[in-house]
Amino acid sequence: MKAYWWIRDDMRRENNPTLEAALAWRKRTGGLLQAVCFQRPSDAISLSEYPKPLPRTSAIRQSYERACLQSLAATLVSMDISTISVSEDILFWMTKQNAESIFFTYGCAHEEVEEEKALMDMGFQTHGFYSRTLLEPAQVFESPLPQTYTPFRKRTESLLQLEAFSEILPYLGPARLSAPFSPTESQARAHLYTYVAENGPGRTYKARRNGLLQPQDSTKLSAYLSLGLLHPKEVWNRCLYVEKLLGGCEEIYWIRFELLWREYFQWVAYEAGPRLFLPEGLQSKGLVAPKVGNVDAFERWTQGRTGDALVDAAMRELAATGFQSNRARQNAASYWIHDLNQPWRVGAAYFEAMLLDFDAASNWGNWAYLAGVGNDPRPFRKFNTQKQADQYDPDKSYRLTWST
Ligand SMILES: Cc1cc2nc3c(=O)[nH]c(=O)nc-3n(C[C@H](O)[C@H](O)[C@H](O)COP(=O)(O)OP(=O)(O)OC[C@H]3O[C@@H](n4cnc5c(N)ncnc54)[C@H](O)[C@@H]3O)c2cc1C
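No experiment lies behind these values; they were computed from the predicted model shown. (Residues numbered from 1 in each chain as written. Predicted model: local features only at pLDDT ≥ 70, side-chain atom pairs only at ≥ 80, totals over all residues. Heavy atoms only, no water.)

## Here's the deal with the overall build of the chain
Inference 1: A count of helices and strands for the chain gives 19 helices and five strands.
Inference 2: The globule rule puts the C-alpha radius of gyration for 404 residues at 22 Å, and the 21 Å found for the chain is close to it.
Inference 3: When its C-alpha atoms are laid out on the principal axes, the chain stretches across 65 × 50 × 45 Å.
Inference 4: Counting the 404 residues in the chain, one finds 56% classified as buried.
Inference 5: Considering only contacts in the chain between residues 6 or more positions apart, those separated by 24 or more positions represent 73%.
Inference 6: For the chain, the accessible area works out to roughly 17600 Å², and carbon and sulfur atoms hold 52% of it. (Helix = DSSP H or I, 4+ residues; strand = E, 2+ residues; numbered from the N terminus. Rg over C-alpha atoms; globule rule 2.2 N^0.38 Å. Buried < 20%, exposed > 50% of the residue type's maximum accessible area, 1.4 Å probe, protein only. Contact = heavy atoms within 4.5 Å. Areas by Shrake-Rupley, 256 points an atom, 1.4 Å probe, with all protein chains shown as cover.)

## A few points about the packing of aromatic side chains
Inference 1: Under the criterion given, the structure shown has 35 aromatic pairs.
Inference 2: Aromatic pair Phe-298 and Trp-336: ring centres 5.9 Å apart, planes at 75°, arrangement edge-to-face. Taken together, the positions of Phe-298 in helix α13 (residues 295-302) and Trp-336 in helix α15 (residues 326-339) put the pair 38 residues apart, joining distant regions of the chain. Both residues of the pair, Phe-298 and Trp-336, count as buried.
Inference 3: Among the aromatic residues, ring-to-ring pairing joins Tyr-4, Trp-6, Phe-38, Trp-93, Phe-104, Tyr-106, Tyr-130, Phe-141, Trp-267 and Tyr-270 into one connected group.
Inference 4: Positioned above the aromatic ring of Phe-323, the side-chain terminus of Arg-329 is 5.2 Å from the ring centre. (Phe/Tyr/Trp six-rings, centres within 6.5 Å; stacked < 30°, edge-to-face > 60°. Lys NZ or Arg CZ within 6 Å of the ring centre and 35° of its normal.)

## Focus on the pairing of strand β1 (residues 2-7)
Inference 1: Counting buried positions along β1 gives five out of six residues, so the element sits mostly inside the fold.
Inference 2: Both β1 and strand β2 (residues 32-38) contribute to a ladder of six bridges, which runs parallel. From the neighbouring strand, Trp-5 faces β2, where its bridge partner is Ala-35.
Inference 3: Tracing the backbone out of β1, into helix α1 (residues 17-29) and back to the parallel element β2 gives a crossover that is right-handed.
Inference 4: Two strands pair when backbone bridges link them, and β1 and strand β4 (residues 101-105) are joined in this way by four bridges, in the parallel orientation. When the sheet's bridge partners are listed, Trp-6 is paired in β4 with Phe-104. (Pairing = 2+ DSSP bridges. Right-handed = clockwise from strand over helix to strand, strands pointing away.)

## Considering the pattern of salt bridges
Inference 1: Summed over all chains, the structure comprises 23 salt bridges.
Inference 2: Across the salt bridge formed by Arg-132 and Asp-359, the nearest N and O atoms sit 2.6 Å from each other. Taken together, the residues Arg-132 in the loop between β5 (125-129) and α5 (137-140) and Asp-359 in the loop between α16 (344-354) and α17 (360-371) connect sequence positions 227 residues apart.
Inference 3: Note that Arg-189 and Glu-234 form a salt bridge whose closest N and O atoms lie 2.5 Å from each other. One end of the pair, Arg-189, is in helix α8 (residues 185-195); the other, Glu-234, is in helix α11 (residues 232-245), and 45 residues separate them in sequence.
Inference 4: Given the relative accessible area of 0%, Glu-234 is considered buried.
Inference 5: Salt bridges sharing partners connect three or more residues here, namely Asp-9, Arg-40, Arg-61, Glu-65, Arg-132 and Asp-359. (Salt bridge = Lys/Arg side-chain N within 4 Å of Asp/Glu carboxyl O.)

## Quick look at the site of the ligand
Inference 1: Taken together, 27 residues form the shell around the ligand, and within it Tyr-205, Ser-218, Thr-219, Lys-220 and Asn-326 come nearest.
Inference 2: The side chain of Tyr-205 places a nitrogen or oxygen atom 2.6 Å from an oxygen atom of the ligand.
Inference 3: Between Arg-329 and the ligand, the recorded distance is 3.5 Å, taken from a side-chain N or O atom to a nitrogen atom.
Inference 4: Its residues placed into classes, the shell around the ligand shows 10 nonpolar, 11 polar and six charged.
Inference 5: A domain-level breakdown of the shell around the ligand finds at least three residues from each of domain 2 (138-273) and domain 3 (278-401). (Near = heavy atom within 4 Å. Polar contact = N/O pair within 3.5 Å; in protein donor to acceptor, adjacent residues only side chain to side chain. Nonpolar A, V, L, I, M, F, W, Y, C, P; charged D, E, K, R; others polar. Domains from an automatic or database assignment.)

## Here's the deal with the domain arrangement of the chain
Inference 1: As far as domains go, the chain holds domain 1 (2-132), domain 2 (138-273) and domain 3 (278-401).
Inference 2: For domain 2 and domain 3, the distance between their C-alpha centroids amounts to 24 Å.
Inference 3: Residue-level contacts link 22 residues of domain 2 with 23 residues of domain 3.
Inference 4: Roughly 1900 Å² of surface becomes buried between domain 2 and domain 3 when both sides are summed, with 65% attributable to carbon and sulfur atoms. (Buried area = accessible area lost by both parts, 1.4 Å probe.)

Encoded structure:
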């Protein structure tokens, strides 16, 4: 008897209900449990509004994901679980296996949900668990999903109370507080426990989160959450725990505020299905005519040669590290859409290829939002990049760091 743990964006040993269920199956049946991970396709993608194929994933992103998988596989060996890395399509590969059960963590974006349905249709015994999100569909869709973030936050915040598991996790020693991200779960956890601590940098998070350059300006937890080295509840609970110790702390509360943005985008994507990825996004207004992207503008933007120093710094940072702060992303994306007047999906696809913390719901949801076709009451959000540079990079240190 054989079962697979299909590793998706839940690359961790601890706080992983999918792995726990698979281990319980092994104990119950005495069967063979293997882990399998499907590499993301690396072929180019074509969009109707751009004349050339676009890269699907970058070398830097591939290498980070590979390192995360290697680290997890090493942990699994000690649990007597071997890991297979497969470059074929999951459905094609699964048809060739004779497995009884497949354990996996549910996704929220369209392609992920389609893969899950297809596996079920193929007759496998599937066992799905929610652990990429703080909430589950039954909680979220008890009433209609709000069209904007604030009512969602108000409705869900009180549902999420402190849970016991965060308090019993060991403190694993200080971590290096910077991107690029570590590929190991224990380092990710150590980073969380160092950043969100009684005297940790999280105590100034709200004031500094718009900073462009310093590692401690924001949590740098995004890749850990996107690839699942940490469960979002672990982050949520850690914040609540430290807030409680401090008798309340607005700065750390704000990390939870941002985590709920992530959560909101997950459920928006879940509800929208394929619509999130259409040129007209979530709005049913219908576009007048789809714009056609300009190859020269794309090359100048991606290579950091637009002439706008803030945007150029942001795009060079992205190309070199696979990361940009939230403020840099907002400016770079707004510039592409509203200053260069280019199709938003082309920019979103480029970010998808480059970001180490790529998450379909957060990336496409934020892009759609900025383009005015997402969950935003405003028609569109144009950032004045000159003003933003003056405000968030007054001494030019960010622009100078990424000037070449
Ligand atoms: C155009 C654009 C594309 C983006 N693409 C992604 C993406 O692919 N993956 C991704 O994780 N985030 C994305 N974001 C959101 C945000 O920029 C990053 O999560 C954040 O910069 C990561 O750094 P941090 O962990 O230090 O964030 P912090 O400021 O420390 O925030 C804590 C956590 O909250 C979540 N979060 C914060 N802001 C947002 C937001 N606006 N939307 C969703 N979640 C948020 C993240 O999980 C983050 O790790 C995008 C934002 C924009 C404007």
